[in-house]
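A look at the structure
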Amino acid sequence: MKIDGALSHAITGIQRGLSSARDHAAQIASKETFENGSPTGMAEPLVGLRADQLQVQASTQVLKAVDDMLGSLFDQKA
């Protein structure tokens, strides 16, 4: 995979994870969630929020790997 492709995937993964986290947080904070009083109503957005966290962390690791590769390439050229 090209470096620019990996960079693009990493940034897209971070953006999608953050967007999904905002949606899940809004579901957790919604008035309907608290009015229902059902703990199962909170389970899906909480699990989704954890999955979003993992997605952002994984995408950040890809971004770090791309940064390391670019740094190595620049060091070799110098």
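Above this text sits the structure in question.
In every chain, residue numbers begin from 1 and rise along the written sequence. Per-residue local features are limited, in this predicted model, to residues with pLDDT of at least 70; the limit for side-chain atom pairs, both in listing and counting, is 80 or more; totals at the level of whole chains, interfaces and linings are taken over all residues. Side-chain metrics rest on all non-hydrogen atoms present in the structure, leaving aside hydrogens and water.

**Comments concerning the side chain of serine 59**
Of note, serine 59 is situated in helix H3 (residues 39-77). Residue serine 59 is classed as buried on the basis of its relative accessible area of 10%. In this description, contact between two residues means that some pair of their heavy atoms is separated by no more than 4.5 Å. Every residue in contact with serine 59, bar those within four places of it in the chain, is listed here: Ala10, Gly13 and Ile14. Helical segments are the DSSP runs of H or I of at least four residues, strand segments are the runs of E of at least two, and each set is numbered from the N terminus. Buried residues are those whose accessible area, probed at 1.4 Å on protein chains only, stays under 20% of the maximum for their type, while exposed residues exceed 50% and partly exposed ones sit between those limits.

**Notes on the pattern of salt bridges**
For this document, the term salt bridge refers to a Lys or Arg side-chain nitrogen within 4 Å of an Asp or Glu carboxyl oxygen. In this structure the tally under the stated criterion is one salt bridge. The salt bridge partner of aspartate 68 is lysine 64, with a shortest N-O separation of 3.3 Å. Taken together, the positions of aspartate 68 and lysine 64, both in helix H3 and four residues apart, correspond to about one turn of that helix.

**A few points about the environment of arginine 50**
Here arginine 50 shows up in helix H3. Under the relative-accessibility criterion, arginine 50 is labelled partly exposed at 44%. C-alpha separation for the pair arginine 50 and alanine 21, spaced 29 residues apart in sequence, amounts to 8.5 Å. In protein, a polar contact means a hydrogen-donor-capable atom and an acceptor-capable atom, both N or O and within 3.5 Å, with residues adjacent in sequence counting only if both atoms are side-chain atoms; elsewhere, any N or O pair within 3.5 Å suffices. Within the structure, the side chain of arginine 50 is placed 2.8 Å from the side chain of glutamine 53, a separation counted as a polar contact.

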